[in-house]
Amino acid sequence: MSGLLDDLARAMTRPLPRRRALRLLGGVLVTATPGALRPPTARAHQAAGRLETACNPNCRGSYPVKCVCPAKGGCYIGGCGEPGSICCCLAESNAGTPGAVICPPGYACGGGTGKPNCKCKTPCGLECCRTGETCANPRENLCCKRDERGCGLECCKPNEECMRVRVGTSSQTFCDKRCPSNQAWCGRKKCCPPKWRCANESTGLCKRCGRTEEECGTKCCDKRTSRCCGPNLCCQKGRACCTVDGERICCPPNTKCARMILRGAIGITKASPRVCCPVARFSTAEEICCPPGQVALNTPGLAIPPTGISPFCCPPGQICPSSAGKACVDLRSDPRNCGSCGNACPSGICSGGVCTP
């Protein structure tokens with residue numbers, strides 16, 4: 001017991017965190033004036049901005065996020081916001097007119113008559129948790145960062161344990177450091193391996209990745225925004241995962257992973273490599289990639305291509321309309337498209353792009 005009292009004494013002598021001090025003060029004010037401490041951002045962002053002809057707000061310093069929405073006669077200026085804010089262009093605000101509003105971190109765009117222009121994504125009592133925070137104690141309006149523990153009026157870091165001791169007829173909670181800064185405390189006198197998280201404090205279960213993450217080698221991929229592509233490689237959603245030259249890579253945006261037809265070939269062979277294929281060269285019919293300098297026809301019917309060209313691909317300058325939608329032709333010898341698309345030769349003979357009698 002004396003050890004706990006010593007810990008408590010040390011905890012009471014530490015500087016009181018600003019957030020905890022505000023909540024202690026807020027607990028008194030809420031009793032006297034219910035709703036007085038509702039987050040000011042929720043009220044301050046009901047207005048839909050102002051219409052101005054000079055559409056370039058000067059946002060610098062600690063509020064660098066600009067909020068400008070085009071409008072007839074100028075622009076709606078929502079103002080400047082702190083990092084993590086979002087700019088919302090409203091078709092109709094609570095004022096009944098279009099406008100712009102900048103929503104602080106933790107809020108999403110709302111809008112519409114009778115509805116807040118900014119809506120909180122993670123409410124916590126009278127508080128709105130910021131991005132990357134969870135509601136640890138709604139009764140105390142306590143938001144904590146992910147992997148932190150709620151402990152009375154403050155948040156314990158992952159390497160700390162929430163302690164509670166009785167003092168007279170009441171009790172006091174405080175955070176007590178139990179593990180090195182890069183190791184999480186997981187109960188039962190256990191510290192997790194470096195950079196791991198505590199998944200279950202009652203059983204001492206440690207895991208490398210969080211609930212919304214996927215284990216990928218020694219890395220953790222956020223399942224909401226990415227996926228595991230290979231050992232220690234996370235690819236953003238919408239980007240293809242591909243093995244190119246024996247190495248796993250994330251393809252650039254607007255490309256597909258596909259086997260490529262080699263120059264001079266009319267189809268896939270054993271030598272055809274996998275590449276990150278630009279969308280214009282990707283044939284959706286066969287899920288193959290056309291050679292550089294050609295584009296995919298993507299026609300419902302099978303075109304008869306010039307010699308040495310795949311029926312699924314064509315150089316851009318040789319594409320002409322056909323009954324199947326598009327066809328790849330040789331403008332130098334095609335009597336129906338001699339020299340240009342639709343130029344039919346009466347004699348039925350085209351040579352060098354010119355009709356011959």
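Residues numbered from 1 in each chain as written. Predicted model: local features only at pLDDT ≥ 70, side-chain atom pairs only at ≥ 80, totals over all residues. Heavy atoms only, no water.

## Digging into the overall build of the protein chain
Okay, so step 1: Helix and strand counts for the protein chain come out as three helices and 33 strands.
Okay, so step 2: Looking at the protein chain as a whole, 35% of its 357 residues qualify as buried.
Okay, so step 3: Long-range contacts, defined as pairs at least 24 residues apart, comprise 22% of the intrachain contacts of the protein chain with a sequence gap of at least 6.
Okay, so step 4: Just so you have it, the protein chain exposes about 20,900 Å², and 54% of that area is on carbon and sulfur atoms. (Helix = DSSP H or I, 4+ residues; strand = E, 2+ residues; numbered from the N terminus. Buried < 20%, exposed > 50% of the residue type's maximum accessible area, 1.4 Å probe, protein only. Contact = heavy atoms within 4.5 Å. Areas by Shrake-Rupley, 256 points an atom, 1.4 Å probe, with all protein chains shown as cover.)

## Section: the side chain of Arg149
Okay, so step 1: Along the chain, Arg149 falls in strand 12 (residues 149–151).
Okay, so step 2: Of the polar contacts made by the side chain of Arg149, one reaches the side chain of Glu201; its length is 2.8 Å. (Polar contact = N/O pair within 3.5 Å; in protein donor to acceptor, adjacent residues only side chain to side chain.)

## Considering the nonpolar core
Okay, so step 1: Among the nonpolar cores identified, the biggest contains seven residues, and these are Cys88, Leu90, Val101, Cys103, Tyr107, Cys118 and Cys128.
Okay, so step 2: At the level of secondary structure, the elements contributing two or more residues to this core comprise strand 4 (86–90) and strand 5 (99–103).
Okay, so step 3: In this structure, Leu90 is in contact with Pro98, Gly99, Val101, Gly110, Gly111 and Asn117, ignoring residues within four places of it in sequence. (Core = buried A, V, L, I, M, F, W, Y, C linked by side-chain atoms within 4.5 Å.)

## Things to note about the packing of aromatic side chains
Okay, so step 1: Tallied over the entire structure, the rule returns zero aromatic pairs.
Okay, so step 2: The ring of Trp185 carries Arg178 above its face, with NZ or CZ at 5.4 Å from the centroid. (Phe/Tyr/Trp six-rings, centres within 6.5 Å; stacked < 30°, edge-to-face > 60°. Lys NZ or Arg CZ within 6 Å of the ring centre and 35° of its normal.)

## Points about the environment of Cys75
Okay, so step 1: Inspection of the secondary structure puts Cys75 in strand 3 (residues 74–81).
Okay, so step 2: Residues Cys75 and Glu52, 23 residues apart in the sequence, show an inter-C-alpha distance of 5.5 Å.
Okay, so step 3: If we skip the residues at most four places from it in the chain, Cys75 touches Arg50, Leu51, Glu52, Cys55, Val68, Cys69 and Pro70.

## Thoughts on the pairing of strand 10 (residues 133–137)
Okay, so step 1: Pairing analysis gives four bridges linking strand 10 to strand 11 (residues 142–145), with the strands arranged antiparallel. If you follow Thr134 over to strand 11, its bridge partner there is Cys144. (Pairing = 2+ DSSP bridges.)

## Some points on the state of the cysteines
Okay, so step 1: Under the counting rule described, the total for this entry stands at 28 disulfides.
Okay, so step 2: Across the disulfide from Cys186 sits Cys198; the S-S distance is 2.1 Å. Taking the sign of the S-S torsion, about 75° here, the bridge from Cys186 to Cys198 comes out right-handed. In this pair, Cys186 sits in the loop between strand 15 (170–177) and strand 16 (197–200) while Cys198 sits in strand 16, placing the two residues twelve residues apart along the sequence.
Okay, so step 3: Residue classification places Cys186 among the buried positions, given a relative accessible area of 0%.
Okay, so step 4: Residue pairing for Cys345: its cysteine sulfur links by disulfide to Cys355, the two sulfurs lying 2.0 Å apart. Disulfide Cys345 to Cys355: torsion about the S-S bond roughly -80°, handedness left-handed. With Cys345 in the loop between strand 31 (325–328) and strand 32 (350–351) and Cys355 in strand 33 (residues 354–355), this pair connects stretches of sequence that are ten residues apart.
Okay, so step 5: Residue Cys355 is classed as partly exposed on the basis of its relative accessible area, which comes to 31%. (Disulfide = S-S within 2.5 Å.)

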